[in-house]
Amino acid sequence: MTAHTLTGSNAALMQSYLDNLVAAAPPEAAAAPGEPVDHAAGGREAHAATVSTSPHRHARPFQALLFRVRGVQLAAPLLRLSGALPWTDRITGLPEHPDRLVGVLVHRGRRVRVIDTARLILPSQNIDVARPSRHIVLLDRRDWGMTCDALSEVLDIEPDAVKWREHASRRPWLAGMLRQRRCGLIDVDALAGMLGGPVA
Amino acid sequence: MSARVWAVANQKGGVAKTTTAVALAGLLAEWHQRVLLVDLDPHASLTSYAGIDPDSVQDSVYALFDTPPGVDLIRADVWPGIDLVAGAPALATLDRRLHDAQGLGLVLASWLRDLRDRYDHIFMDCAPMLGILMVNALVASDHVLIPAQTEFLSLNGVRRMARTIAMLDRSRRCRLSWLVIPTMYDRRTRAAPQTLQALRDEFGHRVWGEVIPVDTQLREASRAGRPPSEFAPRGRSVQAYRNLLAFMLADAQPREALA
Ligand SMILES: Nc1ncnc2c1ncn2[C@@H]1O[C@H](COP(=O)(O)OP(=O)(O)OP(=O)(O)O)[C@@H](O)[C@H]1O
Ligand SMILES: [Mg+2]
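Residues numbered from 1 in each chain as written. Chains lettered and ligands numbered in written order. Predicted model: local features only at pLDDT ≥ 70, side-chain atom pairs only at ≥ 80, totals over all residues. Heavy atoms only, no water.

Draft legend 1. Quick peek at the overall build of chain B. Tallying secondary structure elements over chain B gives 10 helices and 9 strands in all. Each of the 259 residues in chain B was classed as buried or not, and the buried ones make up 62%. Entry remark: accessible area of chain B is about 10,000 Å², with carbon and sulfur atoms responsible for 49%. (Helix = DSSP H or I, 4+ residues; strand = E, 2+ residues; numbered from the N terminus. Buried < 20%, exposed > 50% of the residue type's maximum accessible area, 1.4 Å probe, protein only. Areas by Shrake-Rupley, 256 points an atom, 1.4 Å probe, with all protein chains shown as cover.)

This is the structure in structure tokens:
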């Protein structure tokens, strides 16, 4: 890496090498990105044009986790979830929180806001309040958890096995329906968008 | 949305850095995530993997260190949804050419900053040696992925990376998050479980809890020039990379600034 002979204190030499590399502002050449950005945009548009009209559609087969929320079967792409936890009493309620928020759970040092999935996405007449939540499904990278009463199974799903939602609707979280299972597929990004800003 | 930037690095060679970068990029692209791969290796095996002859590449990362850069570096859709900044043999000369290296560790970070809203994930594939390019990758990244082959000699490579990252943290007054990924795990050997245990003993929670198993399909995928998830979607190594990805997205902590 350098022409120095690394005698004496290797570590000190190395540290000063690194200090120097990250020391000053980068030279002009690096500071002006210009063209490459536009090029990236062009390429991206070209790619987008090849994808189907539904903004929710997956191009490739994917895996989905099926779970039940107050008796209603739902699915979510597995890769957009980071896991599921058994129900726990460690969820702390927050004062004056909306009733779709159950509370906050500290999991691996991070605050996970647990939402009452049913109250967020099911019509109120479908909510079977007697059914207890037994699991929390964690969404990827967003520090949100969804309550559910049971985890069912993981399915391999072909894009054509889904009736993708083409137009906006009052249920932005719904990406489409799994035809065979008659069950709604959640768009995790849209759902996260509905959840809005930080709670506490 | 702002891209998450990952450096894939290990000062030891042949540990599955390039394979890991392509495998993860392929999986993300299947999910319509926009991915940029950056080849920082003079051997440019990532570029070759993408079917591009590195010897023919004019517009490599090298141009970022030239004044003015003046060329488009990004090749769109080398695989569906995956863009590439190519590597080239000329990269090997950077350290010698730029002997006055002050501030040159920040070049890539500054360039990528303007690309962050165009991608969901950016992976930088490093060469197995410490130098200007690896420092650039570490500086530009939110997280470092350190693939480590599960065999006896691999511990040293990880140690060296940990030391480099610690020093760089000191230079930059921040703490970079890093994750060791045990790769090429072969249960039938004695070395694999022993090395895995040694890695866990020494690096604790920084070692991913699962492994990427040894799987000849990975080599076949690279020979075919296709991302593993497309070549063998149900292969065991692809499943393992899928698990890794789920873990990365959920658990990796971004860089912390030190007070
Ligand atoms: N899990 C695995 N099982 C079997 N072979 C693997 C596995 N992962 C990678 N390989 C193969 O091992 C070889 C080295 O992998 P790769 O090129 O990804 O390593 P690298 O760390 O990028 O190497 P270099 O340091 O030379 O850049 C390749 O032939 C690759 O196909
Ligand atoms: Mg490589």
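Draft legend 2. Looking closely at the pairing of strand 11 (residues 183–186) of chain A. All names here are of chain A. Relative to strand 11, strand 2 (residues 72–77) runs parallel, the two being bridged by 2 bridges. If you follow alanine 75 over to strand 11, its bridge partner there is leucine 185. Note: strand 10 (residues 174–178) against strand 11, 4 bridges, orientation antiparallel. Paired with leucine 174 across the strands is isoleucine 186, a residue of strand 11. Remark: 4 residues form the turn of the hairpin made by strand 10 and strand 11, two consecutive strands paired antiparallel; arginine 182 in that turn has positive phi of roughly 50°. (Pairing = 2+ DSSP bridges.)

Draft legend 3. Representation of the site of ligand 1 in the model. Residue and element names in this part refer to chain B. In the vicinity of ligand 1 lie 16 residues, with Gly14, Lys17, Thr18, Thr19 and Asp215 positioned nearest. For ligand 1, an oxygen atom lies 3.0 Å from a polar atom in the backbone of alanine 16. Within the backbone of aspartate 215, an N or O atom sits 2.8 Å from a nitrogen atom of ligand 1. Out of a free accessible area of 630 Å², ligand 1 has 81% covered by protein chains. Where the shell around ligand 1 is concerned, the elements lending two or more residues are helix 1 (17–30) and helix 8 (216–223). When residues of the shell around ligand 1 are assigned to their parent elements, the largest contribution, 3 residues, is made by helix 1. Of the residues contributing to the shell around ligand 1, the split by class is 8 nonpolar, 4 polar and 4 charged. (Near = heavy atom within 4 Å. Polar contact = N/O pair within 3.5 Å; in protein donor to acceptor, adjacent residues only side chain to side chain. Nonpolar A, V, L, I, M, F, W, Y, C, P; charged D, E, K, R; others polar.)

Draft legend 4. Looking closely at unusual backbone geometry. Residues and elements named next belong to chain B. With a phi angle near 90°, alanine 16 is a residue other than glycine that sits in the positive phi range. By secondary structure assignment, the location of alanine 16 is in the loop between strand 1 (4–8) and helix 1. Residue class for alanine 16 comes out buried when judged on its relative accessible area of 13%.

Draft legend 5. Structural context of helix 8 of chain B. One side-chain oxygen of the residue at the start of helix 8 of chain B lies 2.9 Å from the amide nitrogen of glutamine 217 of chain B, identifying that residue as aspartate 215 of chain B. Positive backbone phi, at 70°, marks glycine 225 of chain B, one or two positions downstream of helix 8 of chain B.

Draft legend 6. Geometry of the sheet that holds strand 7 (residues 144–148) of chain A. All names here are of chain A. What the 5 strands build is an open sheet, ordered 3-6-7-5-4; its pairing is mixed. Of all the strands in the sheet, just strand 3 (81–86) and strand 4 (101–107) have a single pairing partner and so form its edges. Within the sheet, the average angular offset between the axes of one strand and its neighbour, ignoring direction, is 30°. Two strands pair when backbone bridges link them, and strand 6 (residues 135–139) and strand 7 are joined in this way by 4 bridges, in the antiparallel orientation. Within the sheet, the bridge partner assigned to isoleucine 136 lies in strand 7 and is threonine 147. (Axes fitted to C-alpha atoms, helices over the stretch in contact; angles between N-to-C directions.)

Draft legend 7. Representation of the packing of helix 5 (residues 132–140) of chain B against helix 6 (residues 154–172) of chain B in the model. All names here are of chain B. Two elements in contact, helix 5 and helix 6, have axes separated by 11 Å at closest approach and are oriented at 65°. Considering how the two elements wind past one another, helix 5 and helix 6 form a crossing that is right-handed. Residues Met134, Val135, Leu138 and Val139 of helix 5 touch helix 6, and the partners they reach there are Met161, Thr164, Ile165, Leu168 and Arg172. Here the contact of helix 5 with helix 6 is composed, by residue class, of 7 nonpolar, 1 polar and 1 charged. (Left-handed = near helix turned anticlockwise from the far one by under 90°. Contact = heavy atoms within 4.5 Å.)

Draft legend 8. Local environment of the pairing of strand 8 (residues 177–183) of chain B. Residue and element names in this part refer to chain B. The buried fraction of strand 8 is high, at 7 of 7 residues. Side-chain alternation along strand 8 places Ser177, Leu179, Ile181 and Thr183 on one buried face and Trp178, Val180 and Pro182 on a second face that is also buried. The pairing of strand 6 (residues 143–149) with strand 8 spans 7 bridges and is classified as parallel. What sits directly across from leucine 145, in strand 8, is leucine 179.

Draft legend 9. Quick peek at empty space enclosed by the protein. Scanning the model with the defined rule gives 2 cavities of 30 Å³ or more in all. Of the voids in this model, the largest cavity is the one considered here, and its volume is about 80 Å³. Lining the largest cavity, in full, are Leu40, Pro42, Leu91, Asp95, Cys126, Ala127, Met129, Leu130, Gly131, Leu133 and Met134 of chain B. In this model, the second largest cavity occupies a volume close to 60 Å³. Every residue lining the second largest cavity is counted, 10 residues in all, and those nearest its centre are Arg80 and Asp140 of chain A together with Leu28, Gln33 and Leu249 of chain B. (1 Å grid on protein atoms, 1.4 Å probe; cavity = no way out; pocket = protein on both sides within 12 Å on 5 of 7 lines; lining within 4 Å. Points joined across faces, edges and corners; volume = space filled by probe spheres on them.)

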